[in-house]
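# Descriptive analysis of the structure
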Amino acid sequence: MADLEVYKNLSPEKVERCMSVMQSGTQMIKLKRGTKGLVRLFYLDEHRTRLRWRPSRKSEKAKILIDSIYKVTEGRQSEIFHRQAEGSFDPSCCFTIYHGNHMESLDLITSNPEEARTWITGLKYLMAGISDEDSLAKRQRTHDQWVKQTFEEADKNGDGLLNIEEIHQLMHKLNVNLPRRKVRQMFQEADTDENQGTLTFEEFCVFYKMMSLRRDLYLLLLSYSDKKDHLTVEELAQFLKVEQKMSNVTTDYCLDIIRKFEVSEENKAKNVLGIEGFTNFMRSPACDIFNPLHHEVYQDMDQPLCNYYIASSHNTYLTGDQLLSQSKVDMYARVLQEGCRCVEVDCWDGPDGEPVVHHGYTLTSKILFRDVVETINKHAFVKNEFPVILSIENHCSVQQQKKIAQYLKGIFQDKLDLSSIDTGETKQLPSPQSLKGKILVKGKKLPYHLGDDAEEGEVSDEDSADEIEDECKFKLHYNNGTTEHQVESFIKKKLESLLKESQIRDKEDPDTFTVRALLKATHEGLNVHLKQHSDVKESGKKSHGRSLMTNFGKHKKTTKSQCKSYSTDDEEDAQQNPGKEISPLYRLGRRRKTMKLCRELSDLVVYTNSVAAQDIVDDGTTGNVLSFSETRAHQVAQQKSEQFMIYNQKQLTRIYPSAYRIDSSNFNPLPYWNAGCQLVALNYQSEGRMMQLNRAKFKTNGNCGYVLKPQQMCKGTFNPLSGDPLPANPKKQLILKVISGQQLPKPPDSMFGDRGEIIDPFVEVEIIGLPVDCCKDQTRVVDDNGFNPVWEETLTFTVHMPEIALVRFLVWDHDPIGRDFVGQRTVTFSSLVPGYRHVYLEGLTEASIFVHITINEIYGKWSPLILNPSYTILHFLGATKNRQLQGLKGLFNKNPRHSSSENSSHYVRKRSIGDRILRRTASAPAKGRKKNKMGLQEMVEIKDSVSEPARDQDGVLRRTTRSLQVRPISMPVDKSFFGALSLPVSETGKDTEGKENSLVQI
């Protein structure tokens, strides 16, 4: 955001003039795709936090948060503006606001250039102020905005006052279940002005503070203040040392806390911290669950690249699904500034000799390669200077390859110069520290046996360049006698046949996503797409780059083009034996495709040479990047986990989503991180559980995009699938006391919105890491209280490898027929801080959980009888028997399956004074429901060969009572199984399902 710096120093007069114009409102034309412009009144709200417009049929959606604005561009730069005829609008009256996770554009046209300049200046000033905030200032600002917005939304008649009935309605919206008598009493205490019976905003703030008084925090303060209503400097220091486990607590540090957080001037003068100041401090970023030191780079950055997990994006340019969505250069700017360090560029021949970027054989739109490179160059090192890996998927002719190399060298210049990088004589990859400010080109390299004078040569084309399956491709052949309508009808029929075919494929596919659902979604999306483009067809315009094809066949014939030549052994075999069915895995393993590569582009690849599994030669060299689809990587990680880990100690591995994820859904990255894979590429445009895990993984270490792998993964080896992978290492015990919740909203998809019932919340805590560590536990349910529910329940977890574990907090609304998701927050185990902490839910302004965290070390060999007394000898004997069965049969399974467990410890923490005071209260009634505990296997589905126990909607085993356990199993791997990395051609073990442990209820 370097271009915003100048806006921080605007004169106060200019700022106020801009704000005044924006808050008064300006009539502008709003351009929309496929429709004429709409005249609307745009204005900035009085808090300067939202841009709004009217009239609108969806008034609640007619707003853009200033926080969500990514950038503001002047002139006719957006795609929608480019579709307008030249001369339609004066460019000096045009500007575009990009906002949201999907880089949506709001394209506006003012009546004169001065108005456009005022809005651009004002918006950039607001954005500059937000970018310059520290975490404490942002927390205070968002809190103040939330209180003001809450007041305004409760003020139904817009008179600036709230009566008692409006307050009662607000209580229901905020999930507060208080007696009406109590609400009226607080209302009367806050109503102090002459206008009795209503609350002004200032009076509402007093009412809200009374309503928000935290009993848990008040009792905690009393326990350290000798039952006074404030803490002295000495008492505050004692609290920080004993409960918060802080060292080097000085008097000056405590005085600084009082100065920042105490609201009473009288208390400030006495150097004491009252309950309101203590509450402010406890809710500040200083007491967040995430270690504040981890907001900066703190790990050793001088190790080889292969020793780091690297934040990676798949098909970075796409804004939505893989078949129909828009490609935008701004997606590169967005992901780079989010901390992503490996971006993907799919290059294809374009018109006029200009290479373009898009998803080949699909209906996705095209963008110029030159624009992509310029965007990357501008944004690569804005947030941090650690190297960016440019994953080039090259589908171009030699002529346009030379143009690609020309743009890379001309735009990146010395960012590509790696001649000064010293890797020593150890043949190791360079470190992120030594590569600061550099861009690494990942792509194919000409073989060494070709002389330096060879201008071009043949290279393998065996990695993710051909990630899309043949039956999903829109081929580029277009017969003269074929109308566009016929082609569209053909595609529809083909997709319908794929829907039927996918019902069979689902049973064979090892992944957890449903192919049928994805294809159905794509089918519906295609209908919408074709409808939107009907006007283009009628006008006779050619849709550039979107000509569709009649060859939509499943088995590809051998083809030759200007830039590629293919040789596919198994397909020739299929032609000679028409009745023979070739398995997809067989084809994937056998086919050999080659392409021509020019010397100029090859020479830009230094440390990141793209190779396929078939091309690996263990000659001691480094600098190869092995590319795997998730399907193949899944099998390798399951069958050859230790060998895979050893390979990743010297080389880089990139994992990309399956071709069938055409809705841009994401796979679970954990199994591949567990195997030491560095570049696990996800679809950044798709929000959901997997991207939340990815964000949490890389938020630590300053969100720089590089996270150091555990030392055990960098040297030596272990079996990540084992029930006790590191028996010689101490384990961590997490004792997590879930105390209370604050301002938990109704579920986002609540049928009746704010008018729905007050929620019945409970908290679920999930450990995600090695299979043996994956587990869940949850609190009881609190009835009718989302505003300040109290649980005070302790959950205990044992973690074998905390360095890669994630801790996920989820809040659910219990419902008689299920549960509704309220919010979540995921944090790396290594970033947890002990003591009393608030867990703010991601994307929700005020919603939080109050917890106490204790982390202990457990030494000695793992034993279920020692770590969890509820294990009986019957459990132990049953585990031994079934482990033997797993050792014999699981080795040969096509998809070996393993279970995992969560183990409680016998260790009992000595309770502090605060713990003893924070006891169960009548404000948290328990639901007549027992606590559940579950073993979670993130990597593969758990299957019981004896009986099918109850599963939840995610397919995860749940216990019905405390005595019901899911026991751990180690997976023996035969030494002789460690052959080459390439997969076996034949498929074995289809009928040899390994028996799993049956659940034993005591």
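These numbers come from a predicted model, not from an experiment.

With that settled, the discussion passes to the state of the cysteines. This structure, assessed with the given rule, holds zero disulfides. Between C774, a cysteine without a disulfide, and C775, which holds the nearest cysteine sulfur, the sulfur-to-sulfur distance is 7.5 Å. The buried category is assigned to C774, whose relative accessible area is 0%.

What the four strands build is an open sheet, ordered β29-β26-β33-β32; its pairing is antiparallel. Looking along the sheet, the strands with just one partner apiece sit at the ends: β29 (790–799) and β32 (835–840). Strand-to-strand twist of the sheet, defined as the mean angle between neighbouring strand axes without regard to direction, takes the value 30°. Pairing geometry for strand β26 (residues 731–742) and strand β33 (residues 848–858), over 11 bridges, is antiparallel.

Ranked by size, the top nonpolar core spans 75 residues in total, and within it V345, F369, I376, L390, L408 and F412 carry the most contacts. If one sorts the elements of this core by residue count, helix α15 (residues 398–412) sits on top with seven residues. For this core, the two domains that each supply at least three residues are domain 3 (305–470 + 596–713) and domain 4 (731–861). Apart from the residues lying within four places of it in its own chain, the contact partners of L408 are F369, V373, L390, Q413, L416, V441, L601 and L604. In terms of nonpolar packing, the next biggest core, distinct from the first, is built from 30 residues, L734, V738, V839 and V851 among them.

Before going further, it helps to examine the pattern of salt bridges. The final tally for this structure, using the stated rule, is 28 salt bridges. With a shortest N-O distance of 2.4 Å, E153 and K173 are connected by a salt bridge. Taken together, the residues E153 in helix α4 (residues 135–154) and K173 in helix α5 (residues 164–173) connect sequence positions 20 residues apart. A salt bridge links E338 to R334, with the shortest nitrogen-to-oxygen separation between them at 2.8 Å. A residue is classified by how much of its surface remains accessible, and R334, at 8% relative accessible area, is buried. Linked by salt bridges that have partners in common, D256, R259 and K260 make up one network.

Glancing now at the environment of L44. Tracing the sequence through the fold places L44 in strand β2 (residues 35–44). Judged by relative accessible area, L44 falls into the buried class, the value being 2%. Put simply, L44 and M22 are 22 residues apart on the chain and 5.3 Å apart in space, counted from C-alpha to C-alpha.

In this section: the side chain of T608. For T608, the location among the structural elements is in the loop between α21 (599–602) and β21 (609–611). A distance of 2.7 Å separates a polar atom in the side chain of T608 from the backbone oxygen of V441. Discounting chain neighbours no more than four positions away, the residues touching T608 are I389, L440, V441, K442, G443, G623, V625 and L652.

Our focus in this paragraph is the UniProt feature "domain: EF-hand" (unreviewed entry) in the protein chain. According to UniProt, the positions carrying the feature "domain: EF-hand" (unreviewed entry) are residues 142–177 and 178–214. Secondary structure within residues 142–177 divides into 64% helix and 6% strand; the distance between the first and last C-alpha atoms comes to 25 Å. Secondary structure within residues 178–214 divides into 59% helix and 5% strand; the distance between the first and last C-alpha atoms comes to 15 Å.

Interaxial distance between helix α6 (residues 180–190) and helix α7 (residues 201–211) falls to 9 Å at its minimum, and their mutual angle equals 140°. As summarised for this structure, α6 and α7 are arranged oblique, according to the angle between their axes. Considering only the axes of α6 and α7, their crossing is right-handed. When α6 is examined against α7, the residues V183, M186, F187, E189 and A190 are found in contact with a partner set consisting of E203, V206, F207, M210 and M211. Per-class residue counts for the contact of α6 with α7 are eight nonpolar, no polar and two charged.

The amide bond that connects R54 to the next residue, P55, takes the cis arrangement and shows omega of 0°. Take P55: it is sitting in the loop between β3 (50–54) and β4 (63–65). Although it is not a glycine, N248 sits at a positive phi angle of roughly 55°. By the secondary structure assignment, N248 is in the loop between α9 (233–242) and α10 (251–261). When its relative accessible area of 73% is taken as the criterion, N248 is described as exposed. Residues other than glycine seldom take positive phi values, yet N315 does so here, at roughly 40°. Among the structural elements, N315 can be located in the loop between β12 (308–313) and α13 (330–337).

Take the environment of Y706 next. Assignment of secondary structure puts Y706 in strand β25 (residues 706–708). Taking C-alpha positions, Y706 is 6.7 Å from A311, a pair spaced 395 residues apart along the chain. With sequence-adjacent residues up to four places away left out, Y706 is seen in contact with Q299, M301, L305, Y308, Y309, I310, R341, F386, P387, P432, F698 and N701. A distance of 2.7 Å separates the side chain of Y706 from the backbone oxygen of P387, its partner in a polar contact.

Rules and cut-offs
- Every chain's residues receive numbers from 1 upward, in the order its sequence appears when written.
- pLDDT decides what is reported in this predicted model: residues at 70 or higher carry local features, side-chain atom pairs at 80 or more are listed and counted, and totals for whole chains, interfaces and linings draw on all residues regardless.
- The side-chain values count all of the structure's non-hydrogen atoms but skip hydrogen atoms and water molecules.
- Here, the term disulfide refers to a pair of cysteine sulfur atoms separated by no more than 2.5 Å.
- Burial status follows relative accessibility: with a 1.4 Å probe on protein chains alone, a residue under 20% of its type maximum counts as buried, one over 50% as exposed, and anything between as partly exposed.
- Here, a strand pair is defined by DSSP locating no fewer than two bridges between the strands.
- Secondary structure is summarised from DSSP: a helix means a run of H or I of at least four residues, a strand means a run of E of at least two, and numbering begins at the N terminus for each.
- Angles run from 0 to 180 degrees between N-to-C directions of axes, and those axes are lines fitted to C-alpha atoms, restricted for helices to the stretch in contact.
- As used here, the term nonpolar core means buried Ala, Val, Leu, Ile, Met, Phe, Trp, Tyr and Cys residues forming a set that is joined through side-chain atoms within 4.5 Å.
- Here the limits of each domain have been adopted from an automatic or database domain assignment.
- The contact rule is simple, with two residues in contact once any of their heavy atoms fall within 4.5 Å.
- Any carboxyl oxygen of Asp or Glu that lies within 4 Å of a side-chain nitrogen of Lys or Arg is treated as forming a salt bridge with it.
- Any N or O atom pair separated by 3.5 Å or less is treated as a polar contact, with the protein-specific requirement of one donor-capable and one acceptor-capable atom, and with residues adjacent in sequence counted only for side-chain atom pairs.
- UniProt positions are given in the numbering used here, feature names are shortened, and annotations may be inferred rather than shown by experiment.
- Working definition: roughly parallel below 35 degrees, roughly antiparallel above 145 degrees, roughly perpendicular at 65 to 115 degrees, and oblique for all remaining angles.
- Should the near helix be turned anticlockwise from the far one by less than a right angle, the crossing is left-handed, and should it be turned clockwise, the crossing is right-handed.
- Here the term charged refers only to Asp, Glu, Lys and Arg, the term nonpolar to Ala, Val, Leu, Ile, Met, Phe, Trp, Tyr, Cys and Pro, and the term polar to all other amino acids, Gly among them.

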